[in-house]
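Inside the fold
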Amino acid sequence: FRSMFTVFRCLIDGCSSADGTPLMLYFYDSHGLIFVVAYVLVIVFILFGVFNLIMAIFVEKTLEYAKLDTAKRREARYKEDVRIAKELRQLVLRICSHQNSVRQEYSKKTPGQKNMDSLKSGFKFAFRGARFMNDDG
């Protein structure tokens, strides 16, 4: 258990003994240069290789979820555009049907009635304008 804890401390905090002296000097004296080179290669592999792999997995998943989120937003925007287009179509159809009914009703009137209607609408517009002017001023 003590050796596993020492290896764990070497990977996480740095290789030092309980009194703070570096363990690499002890390893160099007891096992030679080959052990120190092997240890450095293992640490470099772990730091750059494994951690880079873990980071790549995180980045890949993040990009995948971002792409999924973009697709969902695009679909929602499309549905909203379709809904607005349908409502606008209904509004235009209602305006056209109202215009047709007004045109048919207007075509049934005599010329005198048409003149009287235009006169009435002119008076209504003038009095509405005067009322708005009095409210503002």
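Quick notes on the rules
Residues numbered from 1 in each chain as written. Predicted model: local features only at pLDDT ≥ 70, side-chain atom pairs only at ≥ 80, totals over all residues. Heavy atoms only, no water. Helix = DSSP H or I, 4+ residues; strand = E, 2+ residues; numbered from the N terminus. Areas by Shrake-Rupley, 256 points an atom, 1.4 Å probe, with all protein chains shown as cover. 1 Å grid on protein atoms, 1.4 Å probe; cavity = no way out; pocket = protein on both sides within 12 Å on 5 of 7 lines; lining within 4 Å. Points joined across faces, edges and corners; volume = space filled by probe spheres on them. Phe/Tyr/Trp six-rings, centres within 6.5 Å; stacked < 30°, edge-to-face > 60°. Buried < 20%, exposed > 50% of the residue type's maximum accessible area, 1.4 Å probe, protein only. Salt bridge = Lys/Arg side-chain N within 4 Å of Asp/Glu carboxyl O. pLDDT = per-residue confidence, 0-100. Core = buried A, V, L, I, M, F, W, Y, C linked by side-chain atoms within 4.5 Å. Contact = heavy atoms within 4.5 Å. Patch = residues over 30% accessible without salt bridge, like charges linked within 9 Å, V, L, I, M, F, W, Y side chains within 5 Å.

1. Digging into the overall build of the chain
Along the backbone of the chain there are four helices and zero strands. Starting at the N terminus and walking to the C terminus, you meet the elements of the chain as α-α-α-α. Entry remark: accessible area of the chain is about 12,600 Å², with carbon and sulfur atoms responsible for 66%.

2. Overview of the layout of surface pockets
Approximately 290 Å³ is the volume attributed to the largest pocket. Along the wall of the largest pocket there are 17 residues; nearest its centre are Thr6, Val7, Cys10, Leu23 and Phe27.

3. As for the packing of aromatic side chains
Counted under the stated rule, the structure contains one aromatic pair. Each ring, one from Phe27 and one from Phe35, has its centre 4.9 Å from the other, and the planes form 70°; the classification is edge-to-face. Judged by its relative accessible area of 22%, Phe27 falls in the partly exposed class. Under the relative-accessibility criterion, Phe35 is labelled partly exposed at 33%.

4. Let's talk about the pattern of salt bridges
Per the counting criterion, the structure on display carries four salt bridges. In this structure, Glu75 and Lys79 form a salt bridge, with 3.5 Å as the shortest nitrogen-oxygen distance. Taken together, the residues span about one helical turn, with Glu75 and Lys79 both in helix 3 (residues 33–107) at a distance of four residues. In this structure, Arg83 engages Glu80 in a salt bridge whose closest nitrogen and oxygen atoms are separated by 2.5 Å. Of this pair, Arg83 and Glu80 are both found in helix 3, three residues apart, which corresponds to roughly one turn of the helix. Among the residues examined, Arg83 registers a relative accessible area of 38% and is labelled partly exposed. The network of salt bridges with shared partners includes Glu80, Arg83 and Glu87.

5. Notes on the confidence of the model for the chain
The predicted model of the chain has a mean per-residue pLDDT of 78, with 74% of residues at 70 or higher. Within the chain, helix 3 carries the highest mean pLDDT (86), whereas helix 4 (residues 111–136) carries the lowest (58).

6. Considerations on the nonpolar core
By size, the foremost hydrophobic cluster in this structure holds five residues: Cys10, Cys15, Leu23, Tyr39 and Ile43. With residues up to four places along the chain from it excluded, the contact list for Cys15 reads Cys10, Thr21, Pro22, Leu23 and Tyr39.

7. Points about a nonpolar patch on the surface
On the surface, a nonpolar cluster with roughly 1,200 Å² of combined accessible area is contributed by Val40, Val44, Phe45, Leu47, Phe48, Val50, Phe51, Ile54, Met55, Phe58, Val59 and Leu63. With respect to the helices and strands, the residue Val44 is situated in helix 3.

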